[in-house]
Amino acid sequence: MRILVLIKQVPDTNDVKMDEETGTMIREGVGAIINPLDLNALEAALSLRESIGGEVTALSMGPPQAIDAIREAIAMGANHGLLLSSKKFAGADTLATSYTLSEAIKRLENPPDLILAGERAIDGETGQVGVEVAVMLGLPFITYVSKIEEATEEYIRVRRITEHGYEFLESPLPALITVVKEINEPRMPTLSGKVRARSVTVPVLRPEDIQADEDRLGLAGSPTKVVRVFYPKVTRDGVILKTSEHSPEECVESLLGFLESRGLI
């Protein structure tokens, strides 16, 4: 089975910065990690390969530094890696990102039998890219997968988490699934994997390599626009009433008066 895993390099949550002019995240020079849920998707792919055979390829789109995410995926056990990187891809929203990824997948020499992705990325929290890629490729998809029950060359059967419990679904292949954290515990890279990841050649694809319509790429091809970026100011103006200085009745009356003045009661 040929398995493709979509991974994204995201800013470390402690280092997120925004470009106030473009409304996009500043990724260059910022500490970065593989999106945690994508690691769960990668682990699911590696486990499938171990049980039924095949190969795993990691695909990502991002700035040149995102090649580190591909190499980490290879160190964990992926067979191959591909990176989509160009200034023309920069600033893409979920639609432009999905278009770029789907165009790259269409032009793979060996199309994947199964595509896995994390349910969402921690930087955007949209949960849209996986399903948009599936739609653009014309593939069936299942979201919020918490367990792969069975997989063959012809179909995949999964358990899907819902608000009210679980659903058990089956899909013919090729297909795309997005996974949740509960599906597994990602393995750590091995020493031999790290050695291999350092030496392997990771192809870097440009717009011309995937024959993409450049009007649909990056910021120019993104219908989602950030109108304004601002940082809210936190104010803590208030009155502190201590029972050591005021009676409980006075404290309660003051609190009720405050809530009434704000229209809260």
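Since the structure is predicted, the reported quantities are computational estimates derived from the model, not experimental observations. Sequence order sets the numbering: in each chain, residues are counted from 1 along the sequence as written. Local features in this predicted model are restricted to residues whose pLDDT is 70 or higher, and side-chain atom pairs enter the listing and the counts only when it is 80 or higher, whereas totals over whole chains, interfaces and linings include all residues. Working from all heavy atoms in the structure, the side-chain values ignore hydrogens and water.

Chemist: Teacher, can you tell me more about the nonpolar core here?
Modeler: Within soluble globular proteins, side chains that are nonpolar tend to cluster in buried spots. Core analysis: the largest hydrophobic core is formed by 39 residues, its most contacted members being Leu116 and Ile148. Of all elements in the fold, only β1 (2-6), α1 (36-52), β6 (55-61), α2 (67-76), β8 (114-118), β9 (141-151), β10 (155-162) and β12 (175-179) reach the threshold of two or more residues within this core. With residues up to four places along the chain from it excluded, the contact list for Leu116 reads Ile3, Leu4, Val5, Leu6, Ala41, Ala44, Ala45, Ile177 and Val179. Think of a nonpolar core as a cluster: buried Ala, Val, Leu, Ile, Met, Phe, Trp, Tyr and Cys residues, connected wherever their side-chain atoms sit within 4.5 Å. Only protein chains enter the accessibility calculation, which uses a 1.4 Å probe. A residue is then buried if its area is under 20% of the maximum for its type, exposed if over 50%, and partly exposed in between. In terms of nonpolar packing, the next biggest core, distinct from the first, is built from 21 residues, Leu101, Ile105, Val133 and Leu217 among them. Only DSSP runs of H or I covering at least 4 residues are called helices, and only runs of E covering at least 2 are called strands; the numbering of each starts at the N terminus. In this analysis, two residues are considered to be in contact whenever any of their non-hydrogen atoms come within 4.5 Å of each other.

Chemist: Looking at this model, I keep getting lost on a nonpolar patch on the surface. Mind explaining?
Modeler: A surface patch of nonpolar side chains, about 380 Å² in accessible area, is lined by Val252, Leu256, Leu264 and Ile265. Its location among the elements puts Ile265 in the segment after α6 (248-261). Note that patches include only residues with greater than 30% relative accessible area and no salt bridge, and the join distances are 9 Å for like charges and 5 Å for nonpolar side chains (Val, Leu, Ile, Met, Phe, Trp, Tyr). Where accessible areas are quoted, they stem from the Shrake-Rupley method and a 1.4 Å probe; at the residue level, only the protein chains shown are allowed to cover. Salt bridge criterion: a side-chain nitrogen from Lys or Arg within 4 Å of a carboxyl oxygen from Asp or Glu.

Chemist: Before we go on, may I ask you to explain the sheet that holds strand β11 (residues 165-172) in this structure?
Modeler: Paired through backbone hydrogen bonds, the strands of a sheet run either parallel or antiparallel to each other. What the nine strands build is an open sheet, ordered β11-β10-β9-β12-β8-β1-β6-β7-β13; its pairing is mixed. In the strand order of this sheet, the two ends are held by β11 and β13 (204-205), each with one partner. The criterion for strand pairing is that DSSP finds at least two bridges linking the strands in question. Here β1 runs beside β8; their pairing, made up of four bridges, is parallel. Looking at β8, one finds that Ile3 is bridged to Leu114. Only the contacting stretch of a helix is used when fitting its axis, a line to C-alpha atoms as for every element, and angles between N-to-C directions run 0 to 180 degrees. Together, β1, β6, β7 (80-84) and β8 form the strand contacts of helix α3 (residues 94-106), whose direction differs from that of β6 by roughly 140°.

Function cannot be read off these values alone, since they describe shape.
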